[in-house]
Amino acid sequence: MADTGEGMGDESDDTTGADGTRLARLYVNGIDRPIELPILTPSLGQEVIDIGSLTNQGIFTYDPGFVSTAACDSNITYIDGDAGTLLHRGYPIEQLAEQSDFLELCYLLLHGVLPSADEKAVFEATVTRERGVTEGIQAMVGQFSRGAHPMGIMTALTGALAAENHEGLDITEEAHRLKTAERLIAKMPTLAALTYRHGQGKPYLPPRDDLNYAENFLYTTFAGDENYEINPVIAHAMDRIFMLHADHEQNASTSTVRLAGSTGTNPYSAIAAGIAALWGPSHGGANEAVLNMLAEIGSVDNIDAFVEKAKDKDDPFRIMGFGHRVYKNYDPRAKVMQQTCHEVLAELGVDRDPMLQMAQRLEKIALEDEYFIERRLYPNVDFYSGITLKAVGIPTEMFTVIFTTGRTPGWIAHWREMVSEPYKIGRPRQLYRGRTARDYVPLDQR
Ligand code: CMC
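Below you will find a few notes about this structure. Note that the structure is a prediction, hence the values are computed from the model and not measured.

Observations concerning the site of the ligand
- Lining the immediate environment of the ligand, one finds 21 residues, of which His283, Lys313, Ile319, Gly321 and Arg325 sit closest.
- One of the side-chain nitrogen or oxygen atoms of His283 is found 2.4 Å away from an oxygen atom of the ligand.
- Tyr371 places a polar side-chain atom, nitrogen or oxygen, 3.0 Å from a nitrogen atom of the ligand.
- The fraction of the free accessible surface of the ligand (940 Å²) that becomes covered by protein chains is 77%.
- Split into classes, the residues belonging to the shell around the ligand amount to 8 nonpolar, 7 polar and 6 charged.

Description of empty space enclosed by the protein
- This structure, assessed with the given rule, holds 1 cavity of 30 Å³ or more.
- Approximately 40 Å³ is the volume found for the largest cavity.
- As for the largest cavity, its lining consists of Gly323, His324, Tyr327, Asn329, Tyr330, Asp331, Arg376, Tyr378, Pro379 and Asn380.
- When the residues that make up the lining of the largest cavity are grouped by side-chain class, the tally is 4 nonpolar, 4 polar and 2 charged.

Some words on the layout of surface pockets
- The space that makes up the second largest pocket amounts to roughly 240 Å³.
- Considering the residues around the second largest pocket, the lining is formed by 18 residues, among which Asp101, Asn212, Tyr213, Ala214 and Asp239 are closest to the centre.
- Mapped by element, the contributors of at least two residues to the lining of the second largest pocket are helix 1 (93–99), helix 3 (117–129), helix 7 (213–222) and helix 8 (232–244).
- Counting residues per element, the lining of the second largest pocket draws most heavily on helix 8, at 4 residues.

Examining the sheet that holds strand 7 (residues 85–88)
- The antiparallel open sheet is built from 3 strands, whose spatial order is 6-7-8. Since the sheet does not close on itself, it has two edges, and those belong to strand 6 (77–80) and strand 8 (91–92), each with one partner.
- Where strand 6 and strand 7 come together, 4 bridges link them in antiparallel fashion. Counterpart to Thr77 in the pairing with strand 7 is His88.

A look at the state of the cysteines
- Throughout the structure, instances matching the rule amount to 0 disulfides.
- Summary of cysteine pairing: Cys72 is not part of a disulfide, and the nearest cysteine sulfur, belonging to Cys106, is at 20 Å.

A short note on unusual backbone geometry
- Positive phi is not limited to glycine here, since Phe66 has a value of about 50°.
- Checked against the element boundaries, Phe66 lands in the loop between strand 5 (48–49) and strand 6.
- Given a relative accessible area of 54%, Phe66 falls into the exposed group.
- Although it is not a glycine, Arg89 adopts a positive phi angle of roughly 50°.
- Its location among the elements puts Arg89 in the loop between strand 7 and strand 8.
- Taking the relative accessible area as the measure of exposure, Arg89 reaches 23% and is therefore partly exposed.

Conventions used here
Residues numbered from 1 in each chain as written. Predicted model: local features only at pLDDT ≥ 70, side-chain atom pairs only at ≥ 80, totals over all residues. Heavy atoms only, no water. Near = heavy atom within 4 Å. Polar contact = N/O pair within 3.5 Å; in protein donor to acceptor, adjacent residues only side chain to side chain. Areas by Shrake-Rupley, 256 points an atom, 1.4 Å probe, with all protein chains shown as cover. Nonpolar A, V, L, I, M, F, W, Y, C, P; charged D, E, K, R; others polar. 1 Å grid on protein atoms, 1.4 Å probe; cavity = no way out; pocket = protein on both sides within 12 Å on 5 of 7 lines; lining within 4 Å. Points joined across faces, edges and corners; volume = space filled by probe spheres on them. Helix = DSSP H or I, 4+ residues; strand = E, 2+ residues; numbered from the N terminus. Pairing = 2+ DSSP bridges. Disulfide = S-S within 2.5 Å. Buried < 20%, exposed > 50% of the residue type's maximum accessible area, 1.4 Å probe, protein only.

So, in structure tokens, the structure goes:
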């Protein structure tokens with residue numbers, strides 16, 4: 001029913017409003033005047049038509065999956081899916097991965113600038129101080145069965161943080177918002193380690209102040225005692241994995257955090273909602289799904305058959321770790337992760353691992369196949385992070401927990417960006433296709 005004005009002569013052109021804003025005109029059958037909509041100009045990327053006023057005309061838009069919709073404006077992260085570009089506050093991910101570290105990236109995401117040496121030291125000290133969790137949280141994890149899925153436990157423990165950090169938390173106060181962000185970044189690896197150790201039947205190991213973020217994660221996760229030796233190559237790889245997952249603009253879990261946060265809810269519970277959204281195999285669960293898929297394929301000899309299955313329209317099977325909603329070129333994080341993956345496998349002497357060889361073969365076959373080329377389906381970051389994490393000794397069901405730890409600064413930076421400015425509750429509309437009004441029929445007459 002919408003008409004963009006084609007065939008209507010000059011009226012179909014964009015025009016300019018009184019304040020100089022470019023306008024788009026929408027022609028709708030049944031509405032006598034064209035609807036003028038402002039065109040917003042981003043600092044990078046595609047122009048955006050502001051459709052906010054459409055509802056006043058008795059009409060709104062339909063965009064399942066938000067494929068053509070910007071749900072907010074943001075200054076944090078920019079992705080150019082065609083060029084394969086990912087910028088955090090303007091800095092390319094490749095430069096950050098090469099020269100920076102996870103906590104510095106957290107600071108950048110939260111504050112918009114790289115820290116000075118003093119600011120960096122203060123931020124690191126704050127996060128280090130906040131790493132511990134209460135006895136209540138430690139006891140809570142013990143209530144889950146040994147086989148409980150770690151992502152379910154993480155969602156629950158983060159919900160428990162909301163309960164512990166509710167009284168006195170005022171999200172209109174910037175100091176409270178920042179403290180919340182620092183606490184979540186600090187505590188998430190501790191919750192991750194606690195969850196892992198519970199599955200292994202091991203008790204909680206308190207964080208160590210002399211270790212950096214990634215080292216402390218490895219120590220609290222794997223150590224039997226104080227003598228645990230940290231391999232610097234593995235610690236560096238973990239830091240990179242956290243960095244490569246730190247933020248990815250308005251992905252499903254970040255949008256979930258924003259939507260939950262837009263109600264004014266406790267920010268810890270908004271993050272718990274984000275963790276729940278991340279769990280799915282189309283999102284953060286993909287790294288776990290990659291390993292499960294490789295196990296299902298079983299051997300290099302079966303790869304061709306599985307690639308054919310992935311191409312079959314009547315078969316729901318997809319190559320996990322391939323494709324991305326936004327990247328229609330190579331995922332820049334995958335390039336960095338591929339390099340880290342090889343470093344880790346060489347360090348651990350498992351580069352002849354049959355699983356990796358299968359992954360490499362699958363990657364090659366899929367990249368040469370017309371079906372994948374036409375649809376611009378490339379390996380994404382999860383393809384390589386899954387293989388790296390397996391080599392490090394992290395069980396498959398913990399992979400998305402690692403992603404959770406890495407993504408926490410992104411989630412909380414977006415929440416803070418939203419609640420620091422005037423914002424509206426997120427409340428999408430719908431295209432109703434159900435029954436029209438009808439009268440209730442009493443039970444004895446049905
Ligand atoms: N294997 C085989 N075919 C695929 C795949 C795949 N992995 N991904 C997409 N396609 C096909 C799909 O069948 C469709 O074909 P056609 O045009 O003939 O109908 C076409 O490619 C477009 O797919 P789509 O589902 O419309 O694309 P989307 O943008 O909605 O989905 C995706 C993106 C990531 C959900 C999807 O590519 C996928 O399911 N990939 C596997 C799961 C995965 O690796 N997810 C991690 C995403 S990256 C991490 C994150 O950001 O969380």
